[in-house]
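The lines below spell out each chain.
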Amino acid sequence: MGVLYFTNELLACGMDITIQQATGADAENIAVLSRQTFYDTFAAFNSQADMDKFMNESFSMQALADEVSDDQNIFLVAFMDDDLVGYAKLTESKNPPELGTAASIEIGRIYAAKKTIGLGVGKMLMQKCIQIASEKNKQLIWLGVWEHNERAKTFYTKFGFEKFGEHDFILGNDVQTDWLMKKPV
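Structure report, in brief.

What counts, and at which threshold
- Per chain, residue numbering runs from 1 following the sequence as it is written.
- In view of the model being predicted, local features appear only for residues whose pLDDT reaches at least 70, and side-chain atom pairs are presented and counted only at 80 or more, with totals across whole chains, interfaces and linings using the full set of residues.
- Each side-chain value is worked out from all heavy atoms of the structure, with water and hydrogens disregarded.
- Strands here are runs of E lasting at least two residues and helices are runs of H or I lasting at least four, both read from the DSSP assignment and numbered beginning at the N terminus.
- Radius of gyration here uses only the C-alpha atoms, and the compact-globule reference equals 2.2 Å multiplied by the residue count raised to the power 0.38.
- Only protein chains enter the accessibility calculation, which uses a 1.4 Å probe; a residue is then buried when its area is under 20% of its type maximum, exposed when over 50%, and partly exposed in between.
- A contact between two residues is defined here by any heavy atoms of the two lying within 4.5 Å.
- For accessible areas, the Shrake-Rupley method is used with a probe of radius 1.4 Å. Any residue's cover is judged against the shown protein chains and nothing else.
- Positive charges come from Lys and Arg alone, negative charges from Asp and Glu alone, with His and the N- and C-terminal ends not counted.
- A charged residue contributes its charge at one atom only: NZ of Lys, CZ of Arg, CG of Asp or CD of Glu.
- By nonpolar core is meant a set of buried Ala, Val, Leu, Ile, Met, Phe, Trp, Tyr and Cys residues that side-chain atoms within 4.5 Å join together.
- For this analysis, a ring pair means two rings from Phe, Tyr or Trp (six-membered ring only for Trp) whose centres lie within 6.5 Å, classed as stacked if their planes differ by under 30 degrees, edge-to-face if by over 60, and tilted for the remaining angles.
- Lysine NZ or arginine CZ positioned within 6 Å of the ring centre and within 35 degrees of the ring normal marks a charge as sitting over the ring.
- One less than the residue count of a helix, multiplied by 1.5 Å, gives the span that helix is expected to have.
- Salt bridge criterion: a side-chain nitrogen from Lys or Arg within 4 Å of a carboxyl oxygen from Asp or Glu.
- Axis definition: a line fit to C-alpha positions, over the contact stretch in the case of helices; interaxial angles, taken between N-to-C directions, run 0 to 180 degrees.
- Reported orientations rely on four angle classes, namely roughly parallel under 35 degrees, roughly antiparallel over 145, roughly perpendicular from 65 to 115, and oblique for the rest.
- Note: crossing handedness is left-handed where the near helix turns anticlockwise from the far helix by less than a right angle, and right-handed where it turns clockwise.
- Under the scheme applied here, ten amino acids are nonpolar (Ala, Val, Leu, Ile, Met, Phe, Trp, Tyr, Cys and Pro), four are charged (Asp, Glu, Lys and Arg), and all others, including Gly, are polar.

**What to know about the overall build of the protein**
- In terms of regular secondary structure, the protein is built from 5 helices and 8 strands.
- Along the chain direction, N to C, the helices and strands of the protein fall in the order β-β-α-α-α-β-β-β-α-β-α-β-β.
- What you see for the protein is a C-alpha radius of gyration of 16 Å, in line with the 16 Å of a compact globule of 185 residues.
- In terms of overall dimensions, the protein has C-alpha extents of about 40 × 40 × 30 Å along its principal axes.
- Every one of the 185 residues in the protein was classed for burial, and the buried ones make up 48%.
- Considering only intrachain contacts with a sequence separation of at least 6, the fraction spanning at least 24 residues in the protein is 64%.
- Taken as a whole, the protein presents about 9600 Å² of accessible surface, with 48% of it coming from carbon and sulfur.
- Averaged over its 17 positive side-chain charges, the protein has a centre that lies 5 Å from the centre of its 26 negative ones.

Structure (structure tokens):
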């Protein structure tokens, strides 16, 4: 997979964004960014105990780094100059029952550093995810999003994703509801 370069006309800050497929060398930095962006996004809405449990058990540095080397995952990384500012994780996994046997790929995560929200990082990562789904001849691309994450739901809807179901997401000891959203490729 080649490196994608995006011009700064999309960015108020005047920096270029580069998106490329991650390698094992990116694993530790992806893990650090994963933990920071997850915490920045969800800590205000969850108890410290639940956040600590989730971060230590499900979102540990080692677990996140191991995901990068898993052959079922495709990680994309976004850089502004030399700074890692976002990433996306695509997974070819078992479909939710509602999708039946449709050829699909899941966006397991798409995160941008807090300082870059609104600068086009997420948009460019999403565009590349959709491109990869098309190149892999997928019929659908799908994802899960917390039912109370209005900014993310709005973002996905702008790309044509529609809700098709729900599933439980356990954060610490708290059972939460994620919307499942899909888009034809």
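**As for the nonpolar core**
- Formed by 30 residues in total, the largest nonpolar core has its most connected members in Ile107, Met126, Ile141, Tyr156 and Phe161.
- Only strand E2 (17–21), strand E3 (73–80), strand E4 (83–91), strand E5 (104–112), helix H4 (121–135), strand E6 (140–146) and helix H5 (150–158) provide two or more residues apiece to this core.
- Residue contributions to this core peak at 8 residues, all from H4.
- Once you skip the residues sitting within four places of it in the chain, Met126 turns out to touch Ile107, Ile110, Leu143, Phe155, Tyr156, Phe159 and Phe161.
- One finds Ala31, Leu33, Phe38 and Phe75 within the second-largest nonpolar core, a separate group that totals 22 residues.

**Side note on the packing of aromatic side chains**
- Enumeration over the complete set of coordinates arrives at 12 aromatic pairs.
- Within the aromatic cluster, the residues linked to one another by ring pairs are Phe38, Phe42, Phe45, Phe54, Phe59, Trp146 and Phe169.
- Between Lys153 and the ring centre of Trp179, over which it is positioned, the NZ or CZ distance is 3.8 Å.

**Here's the deal with the environment of Lys94**
- Among the secondary structure elements, Lys94 is positioned in the loop between E4 and E5.
- Lys94 sits in the exposed class, given a relative accessible area of 77%.
- Lys94 sits 10 residues away from Ser104 along the chain, and the two C-alpha atoms are 8.9 Å apart.

**Considering the environment of Ala113**
- Relative to the helices and strands, Ala113 resides in the loop between E5 and H4.
- Between the C-alpha atom of Ala113 and that of Gly86, which follows or precedes it by 27 residues, the distance is 5.8 Å.
- Filtering out sequence-adjacent residues up to four positions away, Ala113 remains in contact with Leu33, Thr37 and Val85.

**Digging into unusual backbone geometry**
- Even without glycine at this site, Asp81 takes up a positive phi of about 55°.
- In this fold, Asp81 is placed in the loop between E3 and E4.
- The phi dihedral of Asn137 is positive, around 60°, even though this residue is not glycine.
- Here Asn137 is to be found in the loop between H4 and E6.

**A short note on H4**
- With 15 residues, H4 should cover 21 Å at 1.5 Å per step; its first-to-last C-alpha distance of 21 Å lies within 8% of that length.
- Listing the buried residues of H4 in full gives Val121, Gly122, Met124, Leu125, Met126, Lys128, Cys129, Ile130, Ile132 and Ala133.
- Two residues or fewer past H4, Asn137 is found with a positive phi of approximately 60°.

**Quick word on the pattern of salt bridges**
- Tallied over the entire structure, the rule returns 6 salt bridges.
- With a closest N to O distance of 2.8 Å, Arg109 and Glu67 form a salt bridge. You can see Arg109 sitting in strand E5 and its partner Glu67 sitting in helix H3 (residues 61–69), a full 42 residues away along the chain.
- Judged by relative accessible area, Glu67 falls into the buried class, the value being 18%.
- Because the salt bridges share partners, they merge into one network encompassing Glu67, Lys89 and Arg109.

**Overview of the packing of helix H1 (residues 27–42) against H3**
- Remark: H1 packs on H3, axes separated minimally by 8 Å, with the N-to-C direction vectors making an angle of 125°. Regarding the angle of H1 to H3, the classification is oblique. Like other packed secondary-structure pairs, H1 and H3 cross with a definite hand, here right-handed. Seen from H1, the contacting residues are Ala27, Glu28, Ile30, Ala31, Val32, Ser34 and Arg35; seen from H3, they are Met61, Leu64, Ala65 and Val68.
- Per-class residue counts for the contact of H1 with H3 are 8 nonpolar, 1 polar and 2 charged.

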